[in-house]
Amino acid sequence: NGPIEIVSRIDDADLLVTTKNYYRRRTQALLMAEKRGKPVYVLRKNTLTQIEQFVRAISRQKGNKVSEELLTNAVKEAERAVAQIGQGDIEVELNPQGSYVRHLQHQIADQYGLKSASSGREPSRHVVISRL
């Protein structure tokens, strides 16, 4: 487990963790975090198991820093996929990525009102973006 500090102000946070229920409500905290460019993680339920899994995953990611270039390329790839779907493609498979990068790609699909799913097994796990 890694060191985690709970803060009361969004400006002091590195990220926001919320549940699916609160995410759907588009709470003030969520809107502020998104406006400030903070990563938002959504847990299915507010259970100890879900929180522990999240903490373990985020701790692993901190140890495996993703390069800025990799992030930029993965975001651009997801945005190109969104554009392809806008031009008529039914679904677009993205290149394999780690869980954090896939999470960002899912968020991009969500922002554009598109469906996304992870497919395959590590190390070939990748995001597939499609129309709803």
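Structure shown above.
Anyway, here's the lowdown on the structure attached to this text.

Rules behind the numbers
Residues numbered from 1 in each chain as written. Predicted model: local features only at pLDDT ≥ 70, side-chain atom pairs only at ≥ 80, totals over all residues. Heavy atoms only, no water. Helix = DSSP H or I, 4+ residues; strand = E, 2+ residues; numbered from the N terminus. Contact = heavy atoms within 4.5 Å. Axes fitted to C-alpha atoms, helices over the stretch in contact; angles between N-to-C directions. Left-handed = near helix turned anticlockwise from the far one by under 90°. Nonpolar A, V, L, I, M, F, W, Y, C, P; charged D, E, K, R; others polar. Pairing = 2+ DSSP bridges. Expected span 1.5 Å × (residues − 1). Buried < 20%, exposed > 50% of the residue type's maximum accessible area, 1.4 Å probe, protein only. Arc of directions from axis to C-beta. Phe/Tyr/Trp six-rings, centres within 6.5 Å; stacked < 30°, edge-to-face > 60°. Lys NZ or Arg CZ within 6 Å of the ring centre and 35° of its normal. Salt bridge = Lys/Arg side-chain N within 4 Å of Asp/Glu carboxyl O.

**Brief notes about unusual backbone geometry**
Step number 1: Here the amide bond leading from glutamate 122 into proline 123 is cis, since omega sits at 0°, within 30 degrees of zero.
Step number 2: Here proline 123 shows up in the loop between β4 (115-119) and β5 (126-130).
Step number 3: The residue arginine 26 is not glycine, and still its phi comes out positive at about 55°.
Step number 4: Tracing the backbone shows arginine 26 in the loop between α1 (20-25) and α2 (28-35).

**Some remarks on the side chain of threonine 19**
Step number 1: Mapped onto the secondary structure, threonine 19 falls in strand β1 (residues 16-19).
Step number 2: When sequence neighbours within four positions are dropped, the list of residues in contact with threonine 19 reads Val42, Leu43, Lys45 and Asn46.

**Let's talk about the packing of helix α4 (residues 68-86) against helix α5 (residues 99-111)**
Step number 1: Two numbers describe how α4 lies on α5: the axes approach to 9 Å, and their chain directions differ by 35°. You can see that α4 and α5 cross each other, and the crossing is right-handed. In this structure, α4 contributes Leu70, Leu71, Ala74, Val75, Glu77, Ala78, Glu79 and Val82 to the contact, and α5 contributes Tyr100, Val101, Leu104, Gln105 and Ile108.
Step number 2: Its residues assigned to classes, the contact of α4 with α5 shows ten nonpolar, one polar and two charged.

**A short note on the sheet that holds β5**
Step number 1: Reading across the sheet, the three strands line up as β3-β5-β4 and stay open at both edges, with antiparallel pairing between neighbours. Two strands bound the open sheet, and with one partner strand each, they are β3 (91-93) and β4. Across this sheet, the average inter-strand angle for adjacent strands is 20°, counted without regard to direction.
Step number 2: Judged from the five bridges that link them, β4 and β5 form a sheet pairing that is antiparallel.

**Examining α4**
Step number 1: The terminal C-alpha atoms of α4, which comprises 19 residues, lie 27 Å apart, in line with the 27 Å expected from a rise of 1.5 Å per residue.
Step number 2: Every buried residue of α4 is listed here: Leu71, Ala74, Glu77, Ala78, Ala81, Val82 and Ile85. One face of α4 carries all of its buried residues, which in axial projection span an arc of 140°. Residues Glu68, Glu69, Arg80 and Gly86 are exposed on α4 and point more than 90 degrees away from its buried face.

**Section: the packing of aromatic side chains**
Step number 1: By the definition in use, this model includes one aromatic pair.
Step number 2: Between the NZ or CZ atom of arginine 25 and the centre of the ring of tyrosine 22, over which it lies, the distance is 4.7 Å.
Step number 3: For arginine 26, the ring lying beneath its charged end belongs to tyrosine 23, and the centroid distance is 5.6 Å.

**Side note on the pattern of salt bridges**
Step number 1: Inspection of the entire model under this criterion finds five salt bridges.
Step number 2: With a closest N to O distance of 3.1 Å, arginine 102 and glutamate 122 form a salt bridge. Here arginine 102 is found in helix α5, whereas its partner glutamate 122 is found in the loop between β4 and β5, with 20 residues between them in sequence.
Step number 3: Given a relative accessible area of 7%, arginine 102 falls into the buried group.
Step number 4: Salt bridges sharing common partners tie together Arg9, Asp11, Asp12 and Arg36.

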